[in-house]
Structure formats: structure tokens, C-alpha cells
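One letter stands for each residue in the lines below.
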Amino acid sequence: MFEYRGKTAVITGASSGIGRSFAGELAARGMSVILTARSIESLESLAQEIAGLHQVRTDVIPADLSQRQGAAQLADEIVQRGRSVDLLVNNAGFLTHGHFESISPTRERDEVMVNVSAMVELTHAFLPPMLDRQEGGVINVASIAGFQPIPYMAVYAASKAFVISFSVALWQECRDRNVRVVAICPGTTDTPFFDVANAPEAALGKKRSPEQVVATALRGLEQRRSLVVDGAVNGLLSHGPRFIPRWLAAKFAGRAVQPDLRKNGDKIKV
């Protein structure tokens, strides 16, 4: 089993959705939590709720991980507060959806910064001390989108493919040193994620709850898994692209999540 009680977890993207559920569940298991996201009011409200329910220490550190120094400043602030991190949950991430040429390059740079660069930088900051202590864990939130290329979500799917590959490679590096690394791959989840992205077409299939995703992730951590997929149907879907050519998988995926051309006055023809 992974030891939670009396330890400290950092959760990025903690203000809502899966991150909020991670914070509540880890606190219920006796962990102190360091909550980070851009929204200070949401974080402070969650911190008060968690402290009242579970009587654990909660720290709030607002951070914008899309900025070049965002992850480094977050890590520095945690160190300056004298906190030792036992579990890092790299949950922060967002989706861009639409024809590639119609999406702001700045927005997609921010997507890569949050989904990929910040995850790598925070792991660099907190994994080495775990290895020195020979205990700890890292949970990286990927997606079933990472198992294949997806038109109209090209950067998002590629970023989550990176998360999967990175996590499994680190799992192999750390497995004999008592530090656990696992990637959790949710499918469509009942959060504001797709609404924020203005991408209702991409929310395919029956929604799972954030609590179900968190339970799957923590079970994978405890079982020393490198990669877990949330939900039986999503598990089946994750294997499908292995048996057909990539171009065909991309064709089917693109048809499934193609943007509504009436949305936002989009005049692009396909």
C-alpha cells in the first residue's frame, strides 16, 4: 500500500473537476494538501472546506503554469514554505478544439506549457527528493485521447500521448527505488472541461465522475501500475487504435469530434 496519512500532496489544477476530487480524497486519507491553480478564490474556498472536514493542513499557492516561469515559481514557493512533497499530482491541463489554422498559436503554446512543460518541470523539482528518500509517488493525468492522433484536437491528443510515454518511461526508471509513477487516462468526465473549451462535440460517450477517475488513479498507484484507464468502456477504446493503421484511426476520430461548422460563424469547408 501507499502511505498517505501524515504525508503531503501537491495537486495542480485543484480548483475544479478531477483536481478538486483528488484534493478531497487525499485529504480524507490523511494527507496534507498543497492546492494550486490560477483561481485564488476557488482554491481558498476548497482549502477551507477540506480543513474543516478532514483537519489536515492545506496550503493555497496560486500559479499560472502557462507562463514560462510558472512551474519554477510554484516549486520555489513550496520549498520556501518548508514543505516536503510525497505525492505530486500533475492534473492541470486544458483542451483546444477546432481546425488547426483557426486556433490561436498563443493558446496552443499555453496548452503545451500546461499539459507538457509544467508537468516535466514539476516532476524534475519533486521526484529527486523522493528518490533520495526512496518513497513517494507521481500521478500524471493523461487521457484516452493520448492513444491516437485526433484531428481538430491535434495538440491536445499529442500532449496526452507525451504524458503517457513520459510516465511509463519514468515508472521503469523508478520502479526499483520504491517511487511510484502512474498515468491515469480518463475518458469523458463530468466536469466543466469541455464547456471551458467550447467543445461539446468532443465530449463523447457516457460521462464518468471525477470521483471514479480519482479512485482508479489511486488504485493504480497502490498497485504500482505504470498506466491505468478509467472505466471498462474506455479501456476497450484505448486498445482499438492498436489494431488499425494510424491514418484510419485519425479519420474515425476526426469524424467523431469534428467541430460544428455553425459554431462561432466558422466558414471553413471540409
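Computed from a predicted model, the values in this text were never measured in an experiment.

Q: In this structure, what is going on with the overall build of the chain? I would like to understand it.
A: If you tally the helices and strands in the chain, you get nine helices and seven strands. The C-alpha radius of gyration computed for the chain amounts to 18 Å, which stays within 12% of the reference 18 Å derived for 270 residues, consistent with globular compactness. Its C-alpha atoms put the chain at 55 × 40 × 30 Å along the principal axes. The burial tally for the chain puts 52% of its 270 residues in the buried class. Taking the intrachain contacts of the chain between residues at least 6 apart in sequence as the baseline, contacts between residues at least 24 apart amount to 71%. Accessible surface, the chain: about 13000 Å² in total, of which carbon and sulfur atoms supply 53%. A gap of 6 Å separates the mean positions of the 30 positive and 27 negative side-chain charges of the chain.

Q: Would you take a moment to explain the sheet that holds strand S2 (residues 32-36) for this structure?
A: Sheet strands pair via backbone hydrogen bonds, and the direction of the pair is either parallel or antiparallel. Taken in spatial order, the seven strands make up an open sheet running S3-S2-S1-S4-S5-S6-S7, and their pairing is parallel. Either end of the sheet is taken by a strand with one partner, and the two such strands are strand S3 (58-60) and strand S7 (227-229). Sheet twist, expressed as the average angle between the axes of neighbouring strands with direction ignored, equals 15°. As paired strands, strand S1 (residues 8-12) and S2 are joined by five bridges and run parallel to one another. Bridge pairing links Ile11 to Leu35 in S2. Packing of helix H1 (residues 17-28) onto the sheet brings it into contact with S1, S2, strand S4 (87-90) and strand S5 (136-141), and relative to S1 it is tilted by some 170°.

Q: Before we go on, may I ask you to explain the side chain of Ser32 in this structure?
A: Structurally, Ser32 is set in strand S2. Residue Ser32 is classed as buried on the basis of its relative accessible area, which comes to 15%. Each residue touching Ser32, except ones within four places of it in the same chain, is listed here: Lys7, Thr8, Ala9, Val56, Arg57 and Arg83.

Q: What's the story with empty space enclosed by the protein in this structure? I'm lost.
A: To locate leftover empty space, one rolls a probe as large as a water molecule over the atoms. Enumeration over the complete set of coordinates arrives at one cavity of 30 Å³ or more. As a volume, the largest cavity reaches approximately 70 Å³. Along its surface, the largest cavity is lined by 13 residues, and Asn90, Asn91, Ala92, Val114 and Met119 are the ones closest to its centre. Elements that contribute at least two residues to the lining of the largest cavity include exactly helix H4 (105-133) and helix H5 (154-174). Top contributing element to the lining of the largest cavity by residue count: H4, with five residues. For the lining of the largest cavity, the residue count by class is eight nonpolar, four polar and one charged.

Q: Would you mind going over the side chain of His97 with me for this structure?
A: Tracing the backbone shows His97 in the loop between S4 and H4. Look at His97 and you get buried, because its relative accessible area is 12%. Of the polar contacts made by the side chain of His97, one reaches the backbone oxygen of Val257; its length is 2.7 Å.

Q: Whenever I open this one, the packing of H1 against helix H2 (residues 40-54) confuses me. Can you help?
A: Pairs of packed helices are described in terms of their axes, by the angle between the two and the distance that separates them. Contact geometry for H1 and H2: axes closest at 10 Å, N-to-C directions at 25°. Taken as axis vectors, H1 and H2 run roughly parallel relative to one another. Our pair here, H1 against H2, has a crossing hand that is right-handed. The residues of H2 that touch H1, namely those facing Arg20, Ala23, Gly24, Ala27 and Ala28, are Leu46, Glu49, Ile50 and His54. Classifying every residue of the contact of H1 with H2 gives five nonpolar, two polar and two charged.

Q: Whenever I open this one, the packing of aromatic side chains confuses me. Can you help?
A: The description of two aromatic rings rests on the distance between their centres and on the angle between their planes. Summed over all chains, the structure comprises two aromatic pairs. Note on Phe2 and Tyr4: the rings are 5.2 Å apart at their centroids and 65° apart in plane angle, and the pair reads as edge-to-face. What makes Phe2 buried here is its relative accessible area of 8%. Judged by centre distance (5.9 Å) and plane angle (15°), the rings of Phe162 and Phe166 are stacked. On the criterion of helical spacing, the pair formed by Phe162 and Phe166 is a turn pair, its members being four residues apart in helix H5. We classify Phe166 as buried; its relative accessible area is 18%. The side chain of Arg29 reaches across the aromatic face of Tyr4, ending 5.0 Å from its centre. The aromatic ring of Phe94 is capped on one face by Arg107, whose charged end is 4.0 Å from the ring centroid.

Rules of the game
- Residues numbered from 1 in each chain as written.
- Predicted model: local features only at pLDDT ≥ 70, side-chain atom pairs only at ≥ 80, totals over all residues.
- Heavy atoms only, no water.
- Helix = DSSP H or I, 4+ residues; strand = E, 2+ residues; numbered from the N terminus.
- Rg over C-alpha atoms; globule rule 2.2 N^0.38 Å.
- Buried < 20%, exposed > 50% of the residue type's maximum accessible area, 1.4 Å probe, protein only.
- Contact = heavy atoms within 4.5 Å.
- Areas by Shrake-Rupley, 256 points an atom, 1.4 Å probe, with all protein chains shown as cover.
- Lys, Arg positive; Asp, Glu negative; His and termini not counted.
- Charge placed at Lys NZ, Arg CZ, Asp CG, Glu CD.
- Pairing = 2+ DSSP bridges.
- Axes fitted to C-alpha atoms, helices over the stretch in contact; angles between N-to-C directions.
- 1 Å grid on protein atoms, 1.4 Å probe; cavity = no way out; pocket = protein on both sides within 12 Å on 5 of 7 lines; lining within 4 Å.
- Points joined across faces, edges and corners; volume = space filled by probe spheres on them.
- Nonpolar A, V, L, I, M, F, W, Y, C, P; charged D, E, K, R; others polar.
- Polar contact = N/O pair within 3.5 Å; in protein donor to acceptor, adjacent residues only side chain to side chain.
- Parallel < 35°, antiparallel > 145°, perpendicular 65-115°, else oblique.
- Left-handed = near helix turned anticlockwise from the far one by under 90°.
- Phe/Tyr/Trp six-rings, centres within 6.5 Å; stacked < 30°, edge-to-face > 60°.
- Lys NZ or Arg CZ within 6 Å of the ring centre and 35° of its normal.

By themselves, these figures tell us nothing about what the structure is for.
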